[in-house]
Amino acid sequence: MWVQIAIPRALMHSYYYPLWSAYLQELGADVVVSPATNKELVDRGVKLAAPELCVPIKIYLGHFHWLLEQPVDYIFAPRFVSVQKGQFFCPKFMGLPDMLRFSLPGSEERMLSPLFTSRDDSLDNEKCLRTVASRLGVGYLKHRRAHRNAVAAWREFRALSLQGADLNQALAGKGGAEVAATADTPLTVGVAGYVYNLYDPYVSMDILAKLRQMGVRVITFEMLPDDVLQSALARVPKKLFWTFSDKLLALGLWCLDNPEVDALVHVTAFGCGPDSMLGKIFEVDYGKVDKPFMTVRIDEHSGENHLLTRVEAFVDMLSRKKRRGERA
Ligand code: SF4
């Protein structure tokens, strides 16, 4: 079997690419991805999407539409329902294949849409990907082996983040000492953002790199073990219900309590329903203890200079507070 399967470089790509690509390649597919997000892809998505949709979904539509014009056999577009017991994805993920089908005539025949329902985010339930193997005419044993190896590859990738690497660094195989913060890094800032916002340099304008260039050590949710996130969440009477929103909430709560963390930055995209609630919770909680908190809201027209100025001003303020001996 030789088929070419494309993965849009958007939404959960930065979190699951190592697993998906390992699986598809082991089935015998050639895996390609769409280019990094650029203005043309954003404009495509904006034209196709209903105006009230959030920016990341518009961008995803742009990537998918671009791939439809390429000579690839299939485009991988999973339906995410749950990757954690009792928690679910934002409804836009659940309806994504339907949204594509209705927005882009002709997409259905070329779409591979496995249904992801798993107990944890390693997608350890092999049934999730079985429909892909069946569609490609691959037998059960080969599928099982490919799934097992793909999950192992993904766990290795995640282990690098737990050593302090962000997803880009982990994707490049970096972890441990290679990414460890230097001892004299003066500031530590938690950055709460969905992976598809933070790791898309066009969307987030590479805020993690900008903070690091200013000498800030950054902490994202992927760097904290799941049990740490869960115990941070245990202090709230009610979780947010959506898996990744809860991961961000957990990071925010953990940073709030941690004296080594000087501030929290919430990176949010215009049009996100769950984030409007999450942002308010952060604002209130950080306000109560007078710990610095900043929201960076991104839309399809955000300008890099504006972001840089705001981030620089925020970091300056944190540095001044720290120098004065106040808690940042
Ligand atoms: S969580 Fe927010 S940004 Fe993500 S898909 Fe849902 S509405 Fe969009």
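Residues numbered from 1 in each chain as written. Predicted model: local features only at pLDDT ≥ 70, side-chain atom pairs only at ≥ 80, totals over all residues. Heavy atoms only, no water.

## Quick look at the side chain of Ser107
The condition is simple: Here a strand is any run of E in DSSP of at least two residues, a helix any run of H or I of at least four, and the numbering for each starts at the N terminus. Buried residues are those whose accessible area, probed at 1.4 Å on protein chains only, stays under 20% of the maximum for their type, while exposed residues exceed 50% and partly exposed ones sit between those limits. As used in this structure description, the phrase polar contact means that two N or O atoms lie within 3.5 Å; if the pair is within protein, one of them must be able to donate a hydrogen and the other to accept it, and residues adjacent in sequence are counted only when both atoms belong to side chains. Here a residue-residue contact requires only that any non-hydrogen atoms of the pair lie within 4.5 Å.
Locating Ser107 in the fold gives a position in the loop between α5 (96–103) and β5 (111–112). Judged by relative accessible area, which is 0%, Ser107 ranks as buried. In terms of polar contacts, Ser107 uses its side chain to reach the backbone carbonyl oxygen of Leu100, at 3.3 Å. With near-sequence residues (within four places) excluded, Ser107 lies in contact with Phe64, Leu68, Leu100 and Arg101.

## Digging into the site of the ligand
Note the following rule: One heavy atom suffices: a residue is near a molecule or strand as soon as one of its heavy atoms comes within 4 Å of it. Of the grid points, spaced at 1 Å and generated over the protein atoms alone, those admitting a 1.4 Å probe that cannot get out make up cavities, while open sets with protein on both sides within 12 Å along at least five of seven lines make up pockets; any residue with an atom within 4 Å of a point is treated as lining. Here the criterion for a molecule occupying a pocket or cavity is that more than half of its atoms lie within 2 Å of the pocket grid points. In this classification, the charged set is Asp, Glu, Lys and Arg, the nonpolar set is Ala, Val, Leu, Ile, Met, Phe, Trp, Tyr, Cys and Pro, and all remaining amino acids, among them Gly, are polar.
Residues in contact with the ligand, as listed here, are Cys54, Pro56, Cys90, Lys92, Phe93, Tyr194, Tyr196, Cys272, Gly273 and Pro274. More than half of the atoms of the ligand fall within 2 Å of the grid points belonging to the largest cavity. Taken together, the elements giving at least two residues each to the shell around the ligand come down to α4 (91–94) and α14 (273–289). Across the shell around the ligand, the residue classes tally to 8 nonpolar, 1 polar and 1 charged.

## With respect to the packing of helix α1 (residues 13–26) against helix α6 (residues 127–136)
To keep it simple, the criterion reads: Lines fitted to C-alpha atoms define the axes here, with helix axes fitted over just the stretch in contact, and angles between the N-to-C directions of these axes take values from 0 to 180 degrees. Here a crossing is taken to be left-handed if its near helix is turned anticlockwise relative to the far helix by less than a right angle, and right-handed if that turn runs clockwise.
Close contact between α1 and α6 brings their axes to 11 Å; oriented N to C, the two are set at 40°. Between α1 and α6 lies a crossing of right-handed hand. Across from Leu19, Tyr23 and Leu24 in α1, the residues of α6 making contact are Leu129, Val132 and Ala133. When grouped by side-chain class, the residues that make up the contact of α1 with α6 number 6 nonpolar, no polar and no charged.

## Focus: the sheet that holds β5
Note the following rule: One bridge is not enough; two strands pair if DSSP finds at least two bridges between them.
The strand order β2-β1-β3-β5 describes an open sheet built from 4 strands, whose pairing is parallel. This sheet does not close on itself; its edge strands, each paired only once, are β2 (29–33) and β5. Strand direction decides the pairing type here: strand β3 (residues 74–76) and β5, joined by 2 bridges, are parallel. Paired with Ile75 across the two strands is Met111, which belongs to β5. Across the sheet, helix α3 (residues 55–68) is in contact with β1 (3–7), β3 and β5; its angle to β3 comes to roughly 165°. Contacts from α6 reach β1, β3 and β5 within the one sheet, and its direction differs from that of β3 by about 175°.

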